[in-house]
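Architecture and fold: a report
Spelled out, the chains give:
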Number of protein chains: 4
Amino acid sequence: MIIVLRPEAEQRDSDEILSLIEKAGLKPLYMPGVERVVIGAIGDERILKKFHIESHPMVEKVEEILSPYKLVSRDMKKTDTVVPFGKDGIGGNRFIVIAGPCAVESAAQMKKAGAAVKAAGAAGIRGGAYKPRSSPYSFQGMGLDGLKILKDVSLETGLPVVTEIMDQVEAEEAMPYVDAFQVGARNMQNFRLLTELGQLNKTVILKRGMSATITELLLAAEYILNEGNPNVVLCERGIRTFETSTRNTLDLSAVPNIKKHSHLPVIVDPSHGTGVRDYVAPMAFAAAACGADGIMIEVHPCPQEAESDGQQSLNLTQFEDFMKKLKPFALAAGKTM
Amino acid sequence: MIIVLRPEAEQRDSDEILSLIEKAGLKPLYMPGVERVVIGAIGDERILKKFHIESHPMVEKVEEILSPYKLVSRDMKKTDTVVPFGKDGIGGNRFIVIAGPCAVESAAQMKKAGAAVKAAGAAGIRGGAYKPRSSPYSFQGMGLDGLKILKDVSLETGLPVVTEIMDQVEAEEAMPYVDAFQVGARNMQNFRLLTELGQLNKTVILKRGMSATITELLLAAEYILNEGNPNVVLCERGIRTFETSTRNTLDLSAVPNIKKHSHLPVIVDPSHGTGVRDYVAPMAFAAAACGADGIMIEVHPCPQEAESDGQQSLNLTQFEDFMKKLKPFALAAGKTM
Amino acid sequence: MIIVLRPEAEQRDSDEILSLIEKAGLKPLYMPGVERVVIGAIGDERILKKFHIESHPMVEKVEEILSPYKLVSRDMKKTDTVVPFGKDGIGGNRFIVIAGPCAVESAAQMKKAGAAVKAAGAAGIRGGAYKPRSSPYSFQGMGLDGLKILKDVSLETGLPVVTEIMDQVEAEEAMPYVDAFQVGARNMQNFRLLTELGQLNKTVILKRGMSATITELLLAAEYILNEGNPNVVLCERGIRTFETSTRNTLDLSAVPNIKKHSHLPVIVDPSHGTGVRDYVAPMAFAAAACGADGIMIEVHPCPQEAESDGQQSLNLTQFEDFMKKLKPFALAAGKTM
Amino acid sequence: MIIVLRPEAEQRDSDEILSLIEKAGLKPLYMPGVERVVIGAIGDERILKKFHIESHPMVEKVEEILSPYKLVSRDMKKTDTVVPFGKDGIGGNRFIVIAGPCAVESAAQMKKAGAAVKAAGAAGIRGGAYKPRSSPYSFQGMGLDGLKILKDVSLETGLPVVTEIMDQVEAEEAMPYVDAFQVGARNMQNFRLLTELGQLNKTVILKRGMSATITELLLAAEYILNEGNPNVVLCERGIRTFETSTRNTLDLSAVPNIKKHSHLPVIVDPSHGTGVRDYVAPMAFAAAACGADGIMIEVHPCPQEAESDGQQSLNLTQFEDFMKKLKPFALAAGKTM
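A quick note: this is a predicted structure, and the numbers were derived from the prediction, not measured. (Residues numbered from 1 in each chain as written. Chains lettered and ligands numbered in written order. Predicted model: local features only at pLDDT ≥ 70, side-chain atom pairs only at ≥ 80, totals over all residues. Heavy atoms only, no water.)

Description of the overall build of chain A
A count of helices and strands for chain A gives 10 helices and 12 strands. Dimensions along the principal axes, computed over C-alpha positions, put chain A at roughly 75 × 40 × 40 Å. Across the 337 residues of chain A, 65% fall into the buried class. Charge separation in chain A, taken as the distance between the mean sites of 38 positive and 42 negative side-chain charges, equals 5 Å. (Helix = DSSP H or I, 4+ residues; strand = E, 2+ residues; numbered from the N terminus. Buried < 20%, exposed > 50% of the residue type's maximum accessible area, 1.4 Å probe, protein only. Lys, Arg positive; Asp, Glu negative; His and termini not counted. Charge placed at Lys NZ, Arg CZ, Asp CG, Glu CD.)

Structure below.
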């Protein structure tokens, strides 16, 4: 940890901080500069957290050297993690596609979607039973009935299913019906939910919050691992920027960025990431090219009748065509599909 | 609602959409332009939501004319709402200050803080018993013990208290101990929590999410009002931008912006809004000047010992001095204090 | 154009605006809604610009239907444009790589870089003679001497060269030495410079500003085409967001977005777009995958001795390896290389 | 300067960097940590710039301790600077208002505006003769004729005038006609222009770029001071964020932030900062409250006829009323007006 003092700090301020560092069992370093004093602390700086050095009135800023997360860190585990999902899991040298409608709307819709995405080569099915909606007047999902439909489709197709849950009650309700929980962007820092999911034995797909940094995403995953559940997949789904011609700005550099700092698998959601049907396929190809472990994509038998996100969904024919074009990019990136 | 078709749309696409609008009971308007067809729908466009016109493959974009919220809207209620909090409430022609530490750390700390902020003229006390923290390794709050301390301090000082809750369980636990619930920025779109708070009879201070637009903030409040609880105070606390020398960018234009669109009271949190002690007072003065109904501010008996946010807290002497300087700005804005 | 009036607007305000539209030769449409009046104007709305309807005190907002640009628009020209650069140009079905150091530092450095990038398959060379630097204390470029070195390397290798110019004086000085001008992100809206470049007969690579929308980028290109120079290549190079672990956030959705709206070629700069050497190759692969016409990339014989941007430059061996891996992605995207 | 090495760095990498620091005449400090080595350099770190340590393949990141600017820094000059403008200047204990139309459109318009803003108590007049416009099809300004009108109005009213210039040619043309140059947000990093203005003997009002950090704004000012012109006023005018209901997000924390780091005066432009007429007055009051040295505001005799920015301009009656309400805020902030 590097501590920069304010220009008006006096010798006794330096002394106070140096002795705090020593007391914590770290090695202090005194560096008087031309304009300001800088103090270093050598050792495991996480121990220093409880001394709140940044709150000292004479401290200008504190720079941490170590990453604030541990269990999710590449420093901790050098090899890529493969997380359970269906027969082959997510991560490693496979590129997987999880496809399906934004929301479960009926058994007929899901069965049609499930059969089609399976035939086209998807490795998993998505569908929302509980829907987080900005407006209380929008469709809020089918709940338990939706979960049962998902389970039926999973059994029929043999494909694992993912669904979003927004609180502990939903997680418990959904537990027997699905193969993986999705934590949506709006809940990435719902720490109560993360803690609960850390105690369940189920794969979690954790989406990056709309304004979350990569470090914050990794810290959110750390909450889950820290409770004992190592099966977390990270998902880039676009961040909020000033650009308004897309719903979000898909930050594909998050893929190599996360891969560098963490051993967890990373997938990309090009549907929410752009919000525009025409850009979904190019961004999925790009995700495969930059090293992602898969994508999660919205496909609907009839997008113009979708209860939500129809404008960013592919129809079944478009999806079939898309899958054919996707494969060479995954292969060029050294993955199988 | 204004619907712009893609350049390649054909007559039958226009006809299909025009007939949808008619079927919904609205008046359709056909506007063929030089490059594209535009279609209007006159009447209460919220009815059209369920037809998902934006998902039609030949629709380029849909512009909504009416605001998507109703109950929180200034169109619905012209006069300013005063929300219950202590003896005078929040809103109307008073400017109120809610002050206290970020987290409840001990009875001694809270009693000292409570007595001091009361003496300096605060109208309410804040203190966190449950703490949302980016890292699982940071202090997570005292929980129920913290709530009891808050209640004691409230009884001693006669001031109402606010505390943050993050889920339904915490809301129920905190219900008998506090006068208002705070929904933090990370939970602004925790729709399960908002729905629950709409069913409780307690004032809610709803903070704007770090990347939430004003429209999204008003829709989040709409969730609470829609369930039957009209007592919502909105709180600007800074948004996330590219600027890194402050913790957030405090968007004070949110104050007149919300006042124009909604009848609900608006307060400002200059502590989280800047994250820098030196900027807290100037931003609080600015909040008073631009018409806010109050501020929520972090004050700690000993900031360098604070478990969290010490770097943005005023100490008790600084707070006393601050309150004296604040008053003329509130008066100039036509408020009493 | 769609004009939404304020709720307090009266009949005479509507009448005034309707008659303005008529006077301009467009067809007015009156749409009285439940809460507000909406007025439409059918025809070439650009004519209405001079009436400044948005400034009317009773106008709440104005929505434009047509894109504000014309010459760069895909509506104007359906086929992809190929812009002159070397023997094959930029655009169409080729994927090109322009490589070289951030700044020209010496003849030896440029010759070494030029020979190596040529050998590895690059289609053009980049190098800065004039450098825009945030600090007046940083290296500002070699100027005319740098241009002469670029010309020599171009003659030796047979590859065309690109260099950044920042004002008209530099454009005129550089005119005989280089094959294309680069307009940097900071100058994307330097309208004097754009106008000047529109009058010169030289290819322009126009980089997107750090906080420019796609519409603003296309309007900046429109300035150049409007003066008579049709040879503009657009370049995505990252936008500024809250994420600090990369220098910028590379917005690859800009590629299909621009391709949809404009006939001009689009290239990507993964070096400035990420600022981190380890992410340059993955982002270049992704750029090829999503349909870009090429990339511009920083390569330096000895990155740790580079006067600028060494931390994002590949060395010559890394570049050679990179080019081999890039090709399959370009081929999968249907391009030759 | 603090240098963090990558985990895979070896002893010889540390040695190489330590010896570089020593060679530069600074004192090196070796801090081997649990996961990575950290190296410190004590002394004037600006000397190290030329060694490009950040480009070393084994360097993970470099943290600078000193601010990168010198002449504009509060460390350099403790007292507030007063910059020449009219008889009293900008800065110190006065709060000044510069008002006028966005663009000079005619002698009649400017004379009317000039007389009115003078009568209401403004200390200066603004008006654009050269207009930077996103679209080449928008009004581009009256040029020299506009400058002559500005000079006439200045002589008539006795008030100094400000006008925007976009390049050296305009600066030279405008030199005899105006009292201060404005550098617009789009030109904040037009380094050629900044260098030129540093060589002229005229006050410069430098607006913050739409996506510029405070550090970058101060570095842009440093360009001007470094060339010999100390008369720079900084202007906060809103930054670009995700919020779309305002034209920009006015970052008022920039005022205390700049005051802390620099001795230069700071003014605020609430017109461009919000883009909405209704929010201009509240934001101007807030600017006065948080310690700004003045505001620059758009006032037009007939906003609905304005060639640009009419939707954010006050009319003459609104301005007169505004000035009366503004004064108490300036007084409460300890300024005279």
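Some words on the relation of the copies chain D and chain C
For the pair chain D and chain C, the relating rotation is 180 degrees, the translation along its axis is 0.0 Å, and the fit reaches an RMSD of 0.0 Å. Interpreted geometrically, this transformation is the action of a two-fold axis. Taking C-alpha positions as reference, the residue of chain D nearest the rotation axis is Ser211(D), located at 3.0 Å. Residue by residue, 100% of the interface of chain D is reproduced at the interface of chain C, so both copies engage with the same surface. (Least-squares fit on C-alpha atoms with pLDDT ≥ 70 in both. Contact = heavy atoms within 4.5 Å.)

With respect to the interface of chain D and chain C
Taken residue by residue, the interface counts 50 residues in chain D and 50 residues in chain C. Carbon and sulfur atoms make up 43% of the area that chain D and chain C hide from each other, which totals about 4,100 Å². Broken down residue by residue, the surface that chain D buries against chain C is led by Tyr137(D), Arg192(D) and Gln304(D), which jointly contribute 16%. Along the contact surface separating chain D from chain C lie six salt bridges. Salt-bridge contacts for Glu170(D) lead to Arg192(C); the nearest nitrogen and oxygen are separated by 2.3 Å. There are 30 residue pairs in polar contact (both at pLDDT 80 or more) connecting chain D and chain C. When contributions to the side of chain D that touches chain C are tallied by element, the ones reaching two or more residues are helix H4 (168–174), helix H5 (191–198), helix H6 (214–226) and helix H9 (277–289) of chain D. In terms of residue count, H6(D) provides more of the side of chain D that touches chain C than any other element does, five residues in total. (Buried area = accessible area lost by both parts, 1.4 Å probe. Salt bridge = Lys/Arg side-chain N within 4 Å of Asp/Glu carboxyl O. Polar contact = N/O pair within 3.5 Å; in protein donor to acceptor, adjacent residues only side chain to side chain.)

Thoughts on the domain arrangement of chain A
With domains assigned, chain A is organised as domain 1 (2–63) and domain 2 (96–332). A C-alpha centroid distance of 44 Å is found between domain 1 of chain A and domain 2 of chain A. (Domains from an automatic or database assignment.)

Quick word on the sheet that holds strand E3 (residues 37–42) of chain B
Residue and element names in this part refer to chain B. With respect to topology, four strands assemble into an open sheet ordered E2-E3-E1-E4, the strand pairing being antiparallel. Two strands close off the open sheet at either side, each with one partner strand: strand E2 (27–32) and strand E4 (59–63). The mean angle between the axes of side-by-side strands here comes to 20 degrees, regardless of whether they run parallel or antiparallel. In this sheet, E3 lies alongside strand E1 (residues 2–5) in antiparallel orientation, the contact comprising three bridges. By the bridge assignment for E3, Val 4 is matched with Val 38. Its contacts with the sheet place helix H1 (residues 11–23) against E1, E2, E3 and E4, and it is angled at close to 160 degrees to E2. (Pairing = 2+ DSSP bridges. Axes fitted to C-alpha atoms, helices over the stretch in contact; angles between N-to-C directions.)

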